[in-house]
Amino acid sequence: MDTIAFLGLGHMGTPMARRLLTAGHDLTVWNRTTDKARSLGAEGATVADSPASCVAGASVVITMLADPAAVSSVAEQLLPALRPGTVWVEMSSVGPDAVADLRARLPEGVSLVDAPVMGSVDRAASGELLILAGGAAATTENDAAANAAEKALNLLGTVRHCGGPGSGAALKLVLINAVIGGVAVVADSLRLARELGVPEAEAREGLLAGPAGGVAGRAFAAEALYPVRLAAKDVALATAKAELPVLETVHRVLVEDPELAERDLAAIRP
């Protein structure tokens, strides 16, 4: 099996890395907080002490980090250590501008695929993520690594090839902001139901059965974990690219209560 470097072992990264390890990959992992890597180390992964040492010798590099600043910081350390023929799969939600910046910094012979995901920790653990892949991994130097990257992604979920460089990152912003906005609308709908005297159970049942059933299901999910602070980050990335008055209002809701920052997006419901 190909050697894979996996950087970023947060709520999403840990179950994703574990699936690769369970499938038999030679896996090296790194996380800014080393404690989060120890469980995977106990299961057979090699724990690296720096991004550079993590990617040394890897044919496939996967990053799953919190935001553009984190990705840029890690990139600064790992880029010099990437060997020609390596495929870097960037799975964080950072937007197309950050992806373009990474591409401009790639060493010769290294390819980058932006492949953010839709789905939370439950789907990460079960390998049911929707992976939005932008850009081609295969070059004349790295056909084997490109095939290895594709196989690794298929272990994590269903891969949707979106087009050229940055297209996966762009589609992710579109899809995730529809979800965030939808969850906020469901929260308002429940508030309206309360004011009108509609029993909450009846309102929930009606929302789930109606046209808003998908976002209502996400708003009522118990197994998901998409922290409010990350939702706020994704909305900020979107509103920086277009005039989006509804989402600007949603962003204010997401940041107004610091106590919600680490709770799931569903916490904004009444």
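Going by the structure above, here's the rest.
Reading guide: rules and limits
- Residues numbered from 1 in each chain as written.
- Predicted model: local features only at pLDDT ≥ 70, side-chain atom pairs only at ≥ 80, totals over all residues.
- Heavy atoms only, no water.
- Helix = DSSP H or I, 4+ residues; strand = E, 2+ residues; numbered from the N terminus.
- Rg over C-alpha atoms; globule rule 2.2 N^0.38 Å.
- Buried < 20%, exposed > 50% of the residue type's maximum accessible area, 1.4 Å probe, protein only.
- Contact = heavy atoms within 4.5 Å.
- Pairing = 2+ DSSP bridges.
- Right-handed = clockwise from strand over helix to strand, strands pointing away.
- Core = buried A, V, L, I, M, F, W, Y, C linked by side-chain atoms within 4.5 Å.
- Phe/Tyr/Trp six-rings, centres within 6.5 Å; stacked < 30°, edge-to-face > 60°.
- Lys NZ or Arg CZ within 6 Å of the ring centre and 35° of its normal.
- Salt bridge = Lys/Arg side-chain N within 4 Å of Asp/Glu carboxyl O.

### Notes on the overall build of the protein
Right, on to step 1. The helix and strand inventory of the protein stands at twelve helices and nine strands.
Right, on to step 2. For 270 residues, the compact-globule estimate of 2.2 N^0.38 gives 18 Å, and the protein sits close to it at 19 Å.
Right, on to step 3. Expressed as lengths along the three principal axes of its C-alpha atoms, the size of the protein is roughly 65 × 40 × 30 Å.
Right, on to step 4. Evaluated residue by residue, the protein yields a buried proportion of 49% over its 270 residues.
Right, on to step 5. Taking the contacts inside the protein whose residues are at least 6 apart along the sequence as the reference set, 68% of them involve residues at least 24 apart.

### Here's the deal with the environment of S59
Right, on to step 1. Looking at the secondary structure, you find S59 in the loop between α3 (51-55) and β4 (60-63).
Right, on to step 2. Spatially, the C-alpha atoms of S59 and G85 are 7.1 Å apart, while their sequence positions differ by 26 residues.
Right, on to step 3. Aside from chain neighbours lying at most four places away, what touches S59 is D2, T3, R83, G85, T86, V87 and A145.

### Thoughts on the pairing of strand β1 (residues 3-7)
Right, on to step 1. Of all five residues making up β1, four are buried, and the element is well covered by its neighbours.
Right, on to step 2. Direction of pairing for β1 relative to strand β2 (residues 26-30): parallel, over a ladder of five bridges. Its bridge partner being in β2, I4 is matched across the sheet by L27.
Right, on to step 3. The handedness of the β1 to β2 crossover, carried by helix α1 (residues 13-22), is right-handed.
Right, on to step 4. As paired strands, β1 and β4 are joined by four bridges and run parallel to one another. Within the sheet, the bridge partner assigned to L7 lies in β4 and is T63.

### Describing the nonpolar core
Where a protein is soluble and globular, its nonpolar side chains tend to be buried together.
Right, on to step 1. F6, M16, L27, V89, M91 and I131 are the most contacted members of the largest nonpolar core, which totals 35 residues.
Right, on to step 2. If one sorts the elements of this core by residue count, helix α7 (residues 143-156) sits on top with seven residues.
Right, on to step 3. Leaving out residues up to four positions away in the same chain, L27 has contacts with I4, F6, A17, L20, L21, A45 and T46.
Right, on to step 4. I176, L207, L260 and I268 belong to the second largest nonpolar core, which has 28 residues in total.

### Describing α1
Right, on to step 1. Counting buried positions along α1 yields seven of ten residues, so the element is predominantly enclosed.
Right, on to step 2. Within α1, burial applies to G13, T14, P15, M16, A17, L20 and L21.

### Looking at the packing of aromatic side chains
Two numbers describe a pair of aromatic rings. These are the distance of the centres and the angle of the planes.
Right, on to step 1. Taken as a whole and assessed by the stated rule, the structure comprises zero aromatic pairs.
Right, on to step 2. Stacked on the ring of F220, the Lys or Arg R204 has its end atom at 4.5 Å from the ring centre.

### As for the pattern of salt bridges
Right, on to step 1. Considering all chains together, one arrives at ten salt bridges under this definition.
Right, on to step 2. For E200, the salt bridge identified is with R204, shortest N-O distance 2.9 Å. Placement of both E200 and R204 in helix α9 (residues 200-209) is noted, with a separation of four residues, approximately one turn of the helix.
Right, on to step 3. Judged by its relative accessible area of 42%, E200 is partly exposed.
Right, on to step 4. Relative accessible area serves as the criterion here: at 22%, R204 is assigned to the partly exposed category.
Right, on to step 5. It is possible to trace a salt-bridge network through shared partners that takes in E76, D101 and R105.

### A short note on the pairing of strand β6 (residues 111-114)
Right, on to step 1. The two faces of β6 match: S111 and V113 on one face and L112 and D114 on the other face are all buried.
Right, on to step 2. One ladder, built from four bridges, connects strand β5 (residues 87-90) with β6; its direction is parallel. Note that in β6 the partner of V89 across the bridge is V113.
Right, on to step 3. At this point the chain moves from β5, through helix α5 (residues 95-104), to the parallel β6, and the crossover so formed is right-handed.

These figures come from the coordinates and say nothing about function on their own.
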